[in-house]
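In case you want the letters, here they are:
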Amino acid sequence: MNHTQAETIAEVSWAGGRSPLAVDKKKLGMWLFLLSDSLTFSTLLICYSYLRIASPNWPRPFEFYPAIVKATLMTIILLTSSLTMVLGVHQAHKGNRGSAVKYILLTMLGGILFDIIHISEWVNLIVHEHVTPFSNPWGSPLLGGSFFGFTGLHMLHVTIGVFYLGAIAWGFGKQKFSAVDVEVSGLYWHFVDLVWMFIFPLIYLINVAPR
Amino acid sequence: MTTREEALEQHVPGTTKLFVWVWVALVIMTGLETLLAYEDFALLLMLTLLMGLSVIKTGFILSYFMHLRFERMGLFLVVVPVLVACILVIMAFFYPDSFRLLHMQAR
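Note that this is a predicted model, so its numbers are computed, not measured.

Parameters and conventions
Residues numbered from 1 in each chain as written. Chains lettered and ligands numbered in written order. Predicted model: local features only at pLDDT ≥ 70, side-chain atom pairs only at ≥ 80, totals over all residues. Helix = DSSP H or I, 4+ residues; strand = E, 2+ residues; numbered from the N terminus. Rg over C-alpha atoms; globule rule 2.2 N^0.38 Å. Buried ≥ 20, exposed ≤ 12 C-beta atoms within 10 Å, placed from the backbone. Contact = placed C-beta atoms within 7 Å. Axes fitted to C-alpha atoms, helices over the stretch in contact; angles between N-to-C directions. Parallel < 35°, antiparallel > 145°, perpendicular 65-115°, else oblique. Left-handed = near helix turned anticlockwise from the far one by under 90°. Nonpolar A, V, L, I, M, F, W, Y, C, P; charged D, E, K, R; others polar. pLDDT = per-residue confidence, 0-100.

Draft legend 1. Seen up close, the overall build of chain A. Of the regular secondary structure elements, chain A holds six helices and zero strands. In sequence order, chain A lays out its α and β elements as α-α-α-α-α-α. The C-alpha radius of gyration computed for chain A amounts to 22 Å, which surpasses the reference 17 Å derived for 211 residues by more than 25%, pointing to a less compact arrangement than a globule. In terms of overall dimensions, chain A has C-alpha extents of about 75 × 45 × 25 Å along its principal axes. By residue count, 36% of the 211 residues in chain A fall in the buried class. Residue pairs at least 24 apart in sequence account for 76% of intrachain contacts in chain A once pairs closer than 6 positions are excluded.

This is the structure we're talking about:
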């Protein structure tokens, strides 16, 4: 390779304007953020699993009805909101703004429903079952802290997601945002759903009260 | 289908039918998980089956809903193997210690 060819290659590589992963910079930024957030949730899950294995008196408090049935309903609501989100992204890329905004609003509704059911579950645990982050009537005191910490962090992500989608729906409807912005918000929403796919079995299903 | 619609179909990956079928598959797997909890199998078996189903569901969501299947391989390689490796390393460091603690508990 002569000097001129090496210089040319160096100029092309460093001249900017290239997209080696063939993705928009906002999309890549969101993927990198989701990578870091995945590690946060993974670490928390592993920490919770560590505590559960190391505690011989870890309680199994969730009755199949209503706790597991409610959690299953929450899972299906979140999955349905993911479907409406991906359909919204699809419509946004096709240029159908009205349809895209409607699907985003449906997704937000799913998120709000999820939060309402989850908060009702928290109220039941705190008021009727006397579970706090520091104590519970059944066994290891770490149950409350890990449960509220984990599900609380996830609920915070869902709530932030609802506001985020609201801003995207408004902006996309007003033609201030592009289809890529809708897709980027979709990535965040699907990530929130994905995290729940691990919380649901590890926090709820593994801790079903024995029959 | 007009030329513009054909061009859009090529540019926009996936179809409504595909996404709905993926959703159906995810809901069925969720139902299976709930059934496993109802049957209340031994802990290790439950954990293996539940984690297996969760990983499959993750694959579906990543591939179809997050469009990773339709992206370049480079993006997949940046996101997935690194994450899996980090999680495995954390697990390898911490899990054996939890079993040691369990056996150290005063009876």
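Draft legend 2. Examining unusual backbone geometry more closely. Residue and element names in this part refer to chain A. A cis amide bond links Tyr65 with the next residue in sequence, Pro66, at an omega value of 10 degrees. Looking at where Pro66 falls in the secondary structure, it is placed in helix H3 (residues 64-94). A positive phi angle, near 65 degrees, is found at Gln175, a position not held by glycine. Relative to the assigned elements, Gln175 resides in the loop between helix H5 (142-173) and helix H6 (179-204). Given 8 C-beta atoms within 10 Å, Gln175 falls into the exposed group.

Draft legend 3. Representation of the packing of helix H2 (residues 16-39) of chain B against helix H3 (residues 43-65) of chain B within the structure. All names here are of chain B. Taken N-terminus to C-terminus, the directions of H2 and H3 make an angle of 165 degrees; their axes are 10 Å apart at the nearest point. On the basis of the axis angle, H2 is roughly antiparallel to H3. As for the relative orientation of H2 and H3, their crossing is left-handed in sense. In this structure, H2 uses Leu18, Phe19, Val22, Ala25, Leu26, Met29, Leu32, Glu33 and Leu36 to contact H3, whose residues at the interface are Met46, Leu49, Leu50, Leu53, Ile56, Lys57, Phe60, Tyr64 and Phe65. The class makeup of the residues in the contact of H2 with H3 is 16 nonpolar, no polar and two charged.

Draft legend 4. Here's a closer look at the confidence of the model for chain A. Confidence in the prediction for chain A averages 89 pLDDT; 91% of positions are at 70 or higher. Here helix H1 (residues 3-14) of chain A stands out as the element of chain A with the lowest mean pLDDT, 57, in contrast to helix H4 (residues 97-128) of chain A, whose mean of 96 is the highest.

Draft legend 5. Representation of the interface of chain A and chain B in the model. Between chain A and chain B, the residue contacts involve 40 residues of the former and 43 residues of the latter. Only helix H2 (25-54), H3 and H6 of chain A provide two or more residues apiece to the side of chain A that touches chain B. If one sorts the elements of the side of chain A that touches chain B by residue count, H3 of chain A sits on top with 13 residues.

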